[in-house]
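A look at the structure
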Amino acid sequence: MPRPVIVAAAQMGPIPKTQPRQEVVARLIQMMERAKKMGADIVVYTEAALTAFFPHWWIEDEAELDSYFEREMPGPATQPLFDAARKMGIGFKLGYCELDFSTGKKRRFNTAILVDKQGRIVGKYRKVHLPGVTDYKPGYPFQNLEKRYFEVGDLGFPVWETMGGKMGLAICNDRRWPETYRVMGLQGVELVMLGYNTPTHNPAMPETDDLGNFHNHLSMQSGAYQNGTWVVGVAKCGVEEGVDQIGQSCIIAPSGEIVAQCTTLDDEVAVAVCDLDRCKSYKESIFNFAKHRRTEHYGLILERTGAGSPLGKAPV
Ligand code: CDT
């Protein structure tokens, strides 16, 4: 039985540092309206969709750093997005930076939430694979200070049953790691939604600069195919405060094929009908984990080589 969910990838062009939240939220709502006209059930926004991607800069002032974070969700600036979604009867996935005080101390996370068609938050994910460094890198044209500004996410990779399927979230660098998809794949995920802020230039690895778009799609297409799931990857792209970022947001079928893709480097909506039932044949045949995974063998080699330790080790 087909289970079509119409998914919109809502790519964003640059967000100027000075653009107020209200204006950013207005851009998001505009794209939601476009998506709704195209029949979408769910809109997928990018990583840290409410602000410029501040981990690219060294920030010493605590108040300035905090200004990029949300203390509540929804808050006064984001409430209109929730209201619009409820009014249109459309779900969404939003990436933002979260200030959390629930443990009694201030914690910062790179976060994504999943909101259903009634405007209720049904899931939250905090980024696990934080790229970059904790200290300023002299000589680099821009920084990647996520390890300084965020804690590692503490919610794992959950999957939620909502809006007609099993939904999972990831954030940017997570998409490069097979574990991200596999942990959700083991829970039967059918649609993985993620956003990314990926510079075209990697100062730590400049020799790979012309492979940025290729590696972006390679990671997500493999994750989709090897776990029999739809994947939607959505960029913040174009030149943002001097940092050029890749686009090519796309929607990927469980076959690993790209079925819709953005072609600009600006605010753009790409839509695809994602039949969640297409996951079934992959999950029940070639990637039937219960039948074909051989975890006992993975364990043996990990023990012998030490590669199972967090840092890994060269094989003996
Ligand atoms: N935001 C984020 O996670 N960015 C990283 C940059 C890594 S440099 C290639 C990413 O994986 O795209």
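Quick notes on the rules
Residues numbered from 1 in each chain as written. Predicted model: local features only at pLDDT ≥ 70, side-chain atom pairs only at ≥ 80, totals over all residues. Heavy atoms only, no water. Near = heavy atom within 4 Å. Polar contact = N/O pair within 3.5 Å; in protein donor to acceptor, adjacent residues only side chain to side chain. Areas by Shrake-Rupley, 256 points an atom, 1.4 Å probe, with all protein chains shown as cover. Domains from an automatic or database assignment. Phe/Tyr/Trp six-rings, centres within 6.5 Å; stacked < 30°, edge-to-face > 60°. Helix = DSSP H or I, 4+ residues; strand = E, 2+ residues; numbered from the N terminus. Lys NZ or Arg CZ within 6 Å of the ring centre and 35° of its normal.

**Quick word on the site of the ligand**
Close to the ligand lie 13 residues, the nearest being Lys-127, Cys-172, Asn-173, Arg-176 and Thr-198. A distance of 2.7 Å separates an oxygen atom of the ligand from a polar atom in the side chain of Arg-176. Within the contact set of the ligand, an oxygen atom lies 2.6 Å away from a side-chain nitrogen or oxygen of Thr-198. Isolated, the ligand exposes 350 Å² of accessible area, and the fraction of that covered by the protein chains is 87%.

**Quick word on the domain arrangement of the protein chain**
By domain assignment, the protein chain separates into domain 1 (4-285) and domain 2 (289-316). Put simply, the middle of domain 1 and the middle of domain 2, counted by C-alpha atoms, are 30 Å apart.

**As for the packing of aromatic side chains**
Taken as a whole and judged by the stated rule, the model has 12 aromatic pairs. On the basis of an interplanar angle of 80° and a centroid distance of 5.9 Å, the ring pair of Trp-58 and Tyr-136 is categorised as edge-to-face. Taken as a pair, Trp-58 in the loop between strand E2 (42-44) and helix H2 (62-66) and Tyr-136 in the loop between strand E5 (121-126) and helix H4 (146-149) lie far apart in primary sequence, 78 residues in all. Taken together, the aromatic side chains of Phe-54, Trp-57, Tyr-68, Phe-69, Tyr-149 and Phe-150 make up a single cluster linked through ring pairs. The ring of Phe-69 is capped by Arg-108, whose NZ or CZ atom sits 5.5 Å from the centre of that ring. For Arg-126, the ring lying beneath its charged end belongs to Phe-109, and the centroid distance is 4.0 Å.

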